[in-house]
Amino acid sequence: MFIVNYVYEDEELLEPYEWEDNDTYKQYYYLPIYKVSSKQLHDFIYARIKLMYDDYDTFVVSDGHYSIVIELNEDSIYRRGTLDYHQQNKIQKIVNTLNETNFSYIVLAEAYEKEFGLTRNERLKKMCIEEVIDEIFLTHHDLFNKLCDELNINEDNMSDNYLMLKKRLEKGYTSLHEILYHELVLKK
């Protein structure tokens with residue numbers, strides 16, 4: 001039996017450590033499993049695609065290291081889902097005995113890659129921080145300059161300061177993110 005935690009095609013997959021009680025879960029007693037290349041798995045995770053495929057509406061794709069569940073609607077990905085670690089391990093053993101399947105599809109659009117290792121809450125906070133910084137940069141120049149001074153960012157011009165600040169916030173979730181979240185988002 002498979003327990004799948006689904007997100008819609010325009011949302012980021014949720015890893016088991018991020019699962020919450022109010023997520024969208026569905027149980028399956030059987031799902032077909034396909035071994036795919038790492039590039040195809042990447043497309044299944046990060047792209048809006050239209051498949052030339054008509055066997056099953058719901059199936060598992062895996063490259064032997066990572067697996068996701070795909071749910072189709074009219075030959076396009078409708079939802080993607082993750083499995084818990086125990087189920088992932090079972091699937092990997094099965095996948096190692098399969099030949100690689102090459103799906104035919106058209107990539108309609110690609111999404112940004114998810115930064116793994118962050119909790120759902122940290123990713124949401126990080127997105128809020130980035131949106132507020134973008135707004136401050138565009139509409140509140142004095143506040144943006146003050147923020148850069150406080151963070152010791154002193155590039156040649158405001159645009160360079162903006163790029164430097166974005167670079168500092170690019171990876172992970174640090175105490176700087178937490179401070180900016182409290183100062184820029186919660187006090188806003």
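Residues numbered from 1 in each chain as written. Predicted model: local features only at pLDDT ≥ 70, side-chain atom pairs only at ≥ 80, totals over all residues. Heavy atoms only, no water.

S.K.: Which residues make up the nonpolar core, and what values go with them?
M.R.: By size, the foremost hydrophobic cluster in this structure holds 22 residues, and its most contacted members are Phe-44, Leu-51, Phe-59, Val-61, Ile-68, Ile-70 and Phe-103. Elements with a minimum of two residues in this core: helix H1 (38–46), strand S4 (47–51), strand S5 (58–62) and strand S6 (67–73). The dominant element in this core, judged by the number of residues it contributes, is H1, at four residues. Sequence-distant contacts of Phe-103, that is, excluding residues within four places in its chain, are made with Tyr-34, Val-36, Gln-40, Phe-44, Leu-51, Tyr-53, Phe-59 and Val-61. If you look at the next biggest cluster of nonpolar residues, it comprises 20 residues, including Ile-129, Phe-137, Leu-151 and Leu-184. (Core = buried A, V, L, I, M, F, W, Y, C linked by side-chain atoms within 4.5 Å. Buried < 20%, exposed > 50% of the residue type's maximum accessible area, 1.4 Å probe, protein only. Helix = DSSP H or I, 4+ residues; strand = E, 2+ residues; numbered from the N terminus. Contact = heavy atoms within 4.5 Å.)

S.K.: Could you give an account of helix H4 (residues 141–150), with specific residues and numbers?
M.R.: Along H4, the positions that sit buried rather than exposed are Phe-144, Leu-147 and Cys-148. Around the axis of H4, the buried residues are gathered within 100° of arc, so they sit on the same side. Within H4, the exposed residues directed more than 90 degrees away from the buried face are Asp-142, Lys-146, Asp-149 and Glu-150. For H4, the elements touching its buried residues are helix H3 (120–139), helix H5 (158–169) and helix H6 (175–186). Positive phi shows up at Asn-152, right after H4, with a value of about 60°. (Arc of directions from axis to C-beta.)

S.K.: Help me get a handle on the pattern of salt bridges, residues and values and all.
M.R.: Per the counting criterion, the structure on display carries five salt bridges. The partner of Asp-43 in a salt bridge is Lys-39, and the shortest N-O contact between them spans 3.0 Å. Highlighted residues: Asp-43 and Lys-39, both in helix H1, separated by four residues, approximately one helical turn. The exposure class of Asp-43 is buried, given its relative accessible area of 4%. One salt bridge connects Asp-134 with Lys-166, and the closest N-O pair in it is separated by 3.1 Å. (Salt bridge = Lys/Arg side-chain N within 4 Å of Asp/Glu carboxyl O.)

S.K.: Which residues make up the packing of aromatic side chains, and what values go with them?
M.R.: Enumeration over the complete set of coordinates arrives at 12 aromatic pairs. Centre to centre, the rings of Tyr-6 and Tyr-28 are 6.4 Å apart; their planes meet at 80°, and the pair counts as edge-to-face. Of the two residues, Tyr-6 sits in strand S1 (residues 2–8) while Tyr-28 sits in strand S2 (residues 24–28), which places them 22 residues apart along the sequence. Across the pair, exposure class does not vary: Tyr-6 and Tyr-28 are buried alike. Pairing Phe-137 with Phe-144 gives two aromatic rings, centres 5.2 Å apart and planes at 70°, and the pair type is edge-to-face. (Phe/Tyr/Trp six-rings, centres within 6.5 Å; stacked < 30°, edge-to-face > 60°.)

S.K.: I'd love a proper account of the environment of His-140, names of residues and values included.
M.R.: By the secondary structure assignment, His-140 is in the loop between H3 and H4. With relative accessibility at 39%, the residue His-140 sits in the partly exposed group. Separated by 3.3 Å, the side chains of His-140 and Thr-139 make a polar contact. (Polar contact = N/O pair within 3.5 Å; in protein donor to acceptor, adjacent residues only side chain to side chain.)

S.K.: Report on the environment of Tyr-46, specifying residues and quantitative values.
M.R.: Within the secondary structure, Tyr-46 sits in helix H1. Residues Tyr-46 and Asp-21, spaced 25 residues apart in sequence, show a C-alpha to C-alpha distance of 25 Å.

S.K.: Pulling in residues and values, what's your account of a nonpolar patch on the surface?
M.R.: Residues Met-52, Ile-106 and Leu-108 make up a contiguous nonpolar surface patch of roughly 290 Å² in combined accessible area. Turning to its location among the elements, Ile-106 is positioned in strand S8 (residues 105–110). Residue Ile-106 is classed as partly exposed on the basis of its relative accessible area, which comes to 44%. (Patch = residues over 30% accessible without salt bridge, like charges linked within 9 Å, V, L, I, M, F, W, Y side chains within 5 Å. Areas by Shrake-Rupley, 256 points an atom, 1.4 Å probe, with all protein chains shown as cover.)

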